[in-house]
Amino acid sequence: MKKIENRAFVCLVLALLLAVGMGFFLFRVVVQGGNWASAAFNRHLYNSQGQLIAGTVLDRDGDVLSSVENGVRTYYDSDTVRKAALHAVGDLQGNIGTGALNAFADRLTGWNLVNGAFGADRGGELTLTIDARYNYEAYQALNGRSGTVAVYNYKTGEVLCMVSAPSYDPLRVPEDIETNDRWKGAYLNRFLSSVFTPGSVYKTVTLAAALENLPDIESRTWSCAGSVQVGEETIVCSGVHGEQDVAAAFANSCNAAFAGIAAELGTDVLRRYTEKAGLTASYRLDGIPSAKGSFDWDLTQGRLGWAGVGQDKDLVNPCALMVYMGAIANGGRAAEPYLILKTQSALGLPSLPRWTRRTEELVSRSTAEKLAELMAGNVEKTYGKSRFPNMDLCAKSGTAEVGEGRAPHAWFSGFLQNEDAPYAFVALVENGGGGSSAAGSVAARVLDVMVNGYTK
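This text gives an overview of the structure that appears in the document.

About the thresholds
Residues numbered from 1 in each chain as written. Predicted model: local features only at pLDDT ≥ 70, side-chain atom pairs only at ≥ 80, totals over all residues. Heavy atoms only, no water. Helix = DSSP H or I, 4+ residues; strand = E, 2+ residues; numbered from the N terminus. Areas by Shrake-Rupley, 256 points an atom, 1.4 Å probe, with all protein chains shown as cover. Buried < 20%, exposed > 50% of the residue type's maximum accessible area, 1.4 Å probe, protein only. Pairing = 2+ DSSP bridges. Axes fitted to C-alpha atoms, helices over the stretch in contact; angles between N-to-C directions. Parallel < 35°, antiparallel > 145°, perpendicular 65-115°, else oblique. Left-handed = near helix turned anticlockwise from the far one by under 90°. Contact = heavy atoms within 4.5 Å. Nonpolar A, V, L, I, M, F, W, Y, C, P; charged D, E, K, R; others polar. Phe/Tyr/Trp six-rings, centres within 6.5 Å; stacked < 30°, edge-to-face > 60°. Lys NZ or Arg CZ within 6 Å of the ring centre and 35° of its normal. Expected span 1.5 Å × (residues − 1).

A word on the overall build of the protein chain
1) Next: Helix and strand counts for the protein chain come out as 15 helices and 16 strands.
2) Next: When the accessible surface of the protein chain is totalled, it reaches about 20200 Å², and 51% of it is carbon and sulfur.

Written out as structure tokens, the structure reads:
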């Protein structure tokens, strides 16, 4: 009898382990089944060259960016559009991790729990939020320079434009792409996966901290003689701005004034506002993570002055900066960005309606309203409203020094307050020179098409 009881107990334990194992396996199938089915080793879905031969990628207007014909993946018929949309659509070899062909392969294969993956002849349709026309304009505006341009709707979260350069034609991959510096970083989506020295666009964070922690900030003045001594560092300014209030210092992008403000605020305050702004956080765009910004807060007084004007070891991700701009525009909180507008399964079933997800409060409502007012003043006083017709534009430029002998990175970031165009944007031209002139011109071209349409 004892032996039978022992055997029964062992059988019970084995049955429980089997049940647990089956439960764990089913959980993994539900969570990761699509990734398993769409893995490159599945020859049911990939040809001998490793190309995904299931599914169609479209832009928001329904233009086909990539599809499959006779077992071969094809792209849009314009080589410029192919280059402009490369980091959104993806390449044939799977080197671009943020591209839809790689990141959203499970949606393209038509995977579902009941039928699995249908195969090459029954793939799904995936419609991106981007508009190929806007990507085209952004890519042309960069004019062969490295950088990134992105625009999104800060009320809905749809990324309408996302371009990274250098780029290349996925149907004609350069033979020297691995060895020629011209293509350095071509596989990298600079908008999502890179961080850069921000320069003066970071002054929006320093100003937000000052507005809430220095009670007399709007009644004070600062004198700029072209440089200022902060601790052990000489902070050099872009010009001699003379006596100025905080609005003028912001419009002039005065390093002397803002380095002094940063030193007065202190490291702990500046760190808290940087983290609150989301500049050290990562966003997930339909599962694709953005890079986290990084800041060194073990600072001397002089280095704190440089950090407060966006230099020192400050590094910011363009996507996070764009979302912060959206939060300023939207009273402190913005919609989280996303890239998939809708999908249609191999059975023709549409995806469910999308719910807008919002960020935490990145800046208080009252401070956001004041920042927007001052950023609008920048456009009025410094950048020129005539460059941005029919736009209620709020913006900040940045010229980020990146090493002796190298031209600075050019930034231009901000948002529109147009009711029918609630767009936040970021434009970065690597080693482009002046922020307003180089990156501002790129942003102006893209925003003009988005707001005013094509006039030719």
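Quick notes on the pairing of strand S6 (residues 159-165)
1) Next: Taking burial as the measure, the seven residues of S6 include seven buried ones, the bulk of the element.
2) Next: Where strand S5 (residues 147-153) folds back on S6, the antiparallel hairpin that results is connected by five residues, among which Gly157 adopts a positive phi of roughly 100°.

Section: the packing of helix H6 (residues 132-142) against helix H15 (residues 435-452)
1) Next: Axis separation between H6 and H15 bottoms out at 9 Å; the angle between their running directions is 155°. By the angle class used here, H6 and H15 are roughly antiparallel. When you trace H6 past H15, the crossing you get is right-handed. Across the interface between the two elements, Tyr134, Glu137, Ala138, Gln140, Ala141 and Leu142 of H6 pack against Val442, Arg445, Val446, Val449 and Met450 of H15.
2) Next: Each residue belonging to the contact of H6 with H15 can be placed in one class, and the counts come to eight nonpolar, one polar and two charged.

Looking at the sheet that holds strand S3 (residues 72-75)
1) Next: The strand order across the open sheet built from five strands is S3-S2-S1-S4-S13, with neighbouring strands paired in mixed fashion. Each of the sheet's edge strands pairs with one partner strand only, and the pair in question is S3 and strand S13 (340-344). On average, each strand axis in the sheet is inclined to that of its neighbour by 20°, with strand direction left out of account.
2) Next: Bridge analysis of strand S2 (residues 64-69) against S3 gives four bridges, and the strand direction is antiparallel. Within S3, the residue paired with Glu69 across the bridge is Val72.

Section: the packing of helix H8 (residues 203-213) against helix H11 (residues 267-276)
1) Next: Packing of H8 against H11 leaves a shortest axis separation of 9 Å and a crossing angle of 115°. H8 and H11 meet at a crossing whose hand is right-handed. Residue-level inspection shows Val205, Thr206, Ala208, Ala209, Glu212 and Asn213 of H8 in contact with H11, the latter providing Val269, Leu270, Arg272, Tyr273 and Thr274.
2) Next: Among the residues forming the contact of H8 with H11, the class breakdown is six nonpolar, three polar and two charged.

A word on the packing of aromatic side chains
1) Next: All chains considered together, the criterion is met by eight aromatic pairs.
2) Next: Their ring planes at 10° and their centres at 5.5 Å tell us that Phe295 and Trp297 sit as a pair that is stacked. By the burial criterion, Phe295 is buried, and Trp297 matches it.
3) Next: Note on Phe412 and Phe425: the rings are 6.0 Å apart at their centroids and 25° apart in plane angle, and the pair reads as stacked. Of the two residues, Phe412 sits in strand S15 (residues 409-416) while Phe425 sits in strand S16 (residues 423-429), which places them 13 residues apart along the sequence. Each of the two residues, Phe412 as well as Phe425, counts as buried.
4) Next: Ring pairing ties together the aromatic residues Tyr383, Phe388, Phe412 and Phe425, which thus form one cluster.
5) Next: The ring of Tyr338 is capped by Arg354, whose NZ or CZ atom sits 3.8 Å from the centre of that ring.
6) Next: Just above the ring of Phe250 sits the side chain of Lys396; from NZ or CZ to the centre is 5.7 Å.

Some remarks on helix H14 (residues 365-383)
1) Next: With 19 residues, H14 should reach 27 Å at 1.5 Å per residue; the first-to-last C-alpha distance of 25 Å fits that figure.
2) Next: Considered for burial, the residues of H14 that qualify are Thr367, Ala368, Leu371, Ala372, Leu374, Met375, Gly377, Asn378, Val379 and Tyr383.
3) Next: Packing partners of the buried residues in H14 comprise H8, helix H9 (246-252), helix H13 (318-329), strand S14 (393-400), S15 and H15.
4) Next: Positioned one or two residues after H14, Gly384 has a phi angle of 95°, which is positive.

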